[in-house]
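Examining the three-dimensional arrangement
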Amino acid sequence: MKAVIIKEFGGPENLVVADIPDPKPGPGEVLVRVRVCALNHLDLHVRHGIPAYKIKLPHILGCDVAGEIVEIGAGVTSAKIGDRVAVAPGRSCRDCDACLQGRETLCRHYTIIGERGGPGGYAQYLVVPEPYLLPIPASLSFEQAAALPLTFLTAWHMLMTLGGCGPDQWVLILGAGSGVAVAALQIAKLAGARVIAASTSPEQLEKAVGRGA
């Protein structure tokens, strides 16, 4: 398959199209044909190089993926070939106390695909464990679905899991034009909160008001 890889850290000139072996799904995994992979700030940070992250090169970036299932490994029970899916980017051991309590981000082995959690979506195909598949509703395109995973999961965790956001609460969102801020605004409104948006950009403030701030 074709993939965009980095052979060394640095600027975009280090992104190289390469031919690599097609991945194969193992037990409990599916193979996703990548239709869209969004560009996340995490991709830029990893590409430039993060000394604390011992990433083996060459490496495939891309944490926000949407596509369709084209092959199913043994033991997969709910997914089927042809399903349109986005990919939850986090990876954990799924066996420690934190994981078993539904707090995967506290797992000491927690990583993200395209970062330290294995290859990302800058490729034609990606192997995904079944628990990390997110069904795409018919109302969303692949492009829209790929814009959701990391930003919306981050915002949801902050507001709902940690913050207990709900009706009659006030939520202040800083940097209203960022991806996480746009996600947080929509989630807070969905929860019934009153949202105040802050930004140095009049254009972003106008957009935030249009979204309900």
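The text that follows walks through the structure, step by step, so that each part is easy to find. (Residues numbered from 1 in each chain as written. Predicted model: local features only at pLDDT ≥ 70, side-chain atom pairs only at ≥ 80, totals over all residues. Heavy atoms only, no water.)

**Regarding the sheet that holds strand β1 (residues 2-6)**
- Taken in spatial order, the 3 strands line up as β2-β1-β4 in an open sheet, and their pairing is antiparallel. The sheet is open, and its two borders are formed by β2 (15-19) and β4 (59-60), each paired with just one other strand.
- With 5 bridges joining them, β1 and β2 adopt antiparallel strand pairing. When the bridges of β2 are listed, V4 appears paired with V17. (Pairing = 2+ DSSP bridges. Helix = DSSP H or I, 4+ residues; strand = E, 2+ residues; numbered from the N terminus.)

**Examining the layout of surface pockets**
- The volume enclosed by the largest pocket comes to roughly 600 Å³.
- Around the largest pocket sit 22 residues that line it, and G90, E104, T105, Y110 and L153 are the ones nearest its centre.
- Going through the elements one at a time, β7 (90-91) and α4 (149-162) are the ones with two or more residues in the lining of the largest pocket.
- Examining the composition of the lining of the largest pocket, we find that 7 residues originate from one element, α4, more than from any other.
- Counted by class, the lining of the largest pocket contains 11 nonpolar, 7 polar and 4 charged residues. (1 Å grid on protein atoms, 1.4 Å probe; cavity = no way out; pocket = protein on both sides within 12 Å on 5 of 7 lines; lining within 4 Å. Points joined across faces, edges and corners; volume = space filled by probe spheres on them. Nonpolar A, V, L, I, M, F, W, Y, C, P; charged D, E, K, R; others polar.)

**Description of the sheet that holds strand β3 (residues 29-38)**
- With respect to topology, 5 strands assemble into an open sheet ordered β9-β3-β5-β6-β10, the strand pairing being antiparallel. Single-partner strands in this sheet number two, and they are β9 (125-129) and β10 (133-135). The sheet shows a mean angle of 45° between the axes of neighbouring strands, direction not considered.
- As paired elements, β3 and β9 share 5 bridges and run antiparallel to each other. Within β9, the position partnered with L31 by the bridge is V127. (Axes fitted to C-alpha atoms, helices over the stretch in contact; angles between N-to-C directions.)

**Quick look at the side chain of T151**
- Topologically, T151 is positioned in helix α4.
- Non-local contacts of T151, meaning those with residues more than four positions away in its chain, are made with N40, G179, V180 and A183. (Contact = heavy atoms within 4.5 Å.)

**Describing the nonpolar core**
- One finds V30, V32, I69, V128 and L133 to be the most contacted residues of the largest nonpolar core, which totals 30 residues.
- Looking at this core, the elements with two or more residues in it are β1, β3, α1 (41-48), β5 (64-72), β6 (84-87) and β9.
- Look past the residues within four positions of L133 in its chain and what remains in contact with it is V30, V32, I69, A79, V85, A86 and V128.
- With 16 residues, the next largest nonpolar core counts I173, A176, A191 and V195 among its residues. (Core = buried A, V, L, I, M, F, W, Y, C linked by side-chain atoms within 4.5 Å. Buried < 20%, exposed > 50% of the residue type's maximum accessible area, 1.4 Å probe, protein only.)

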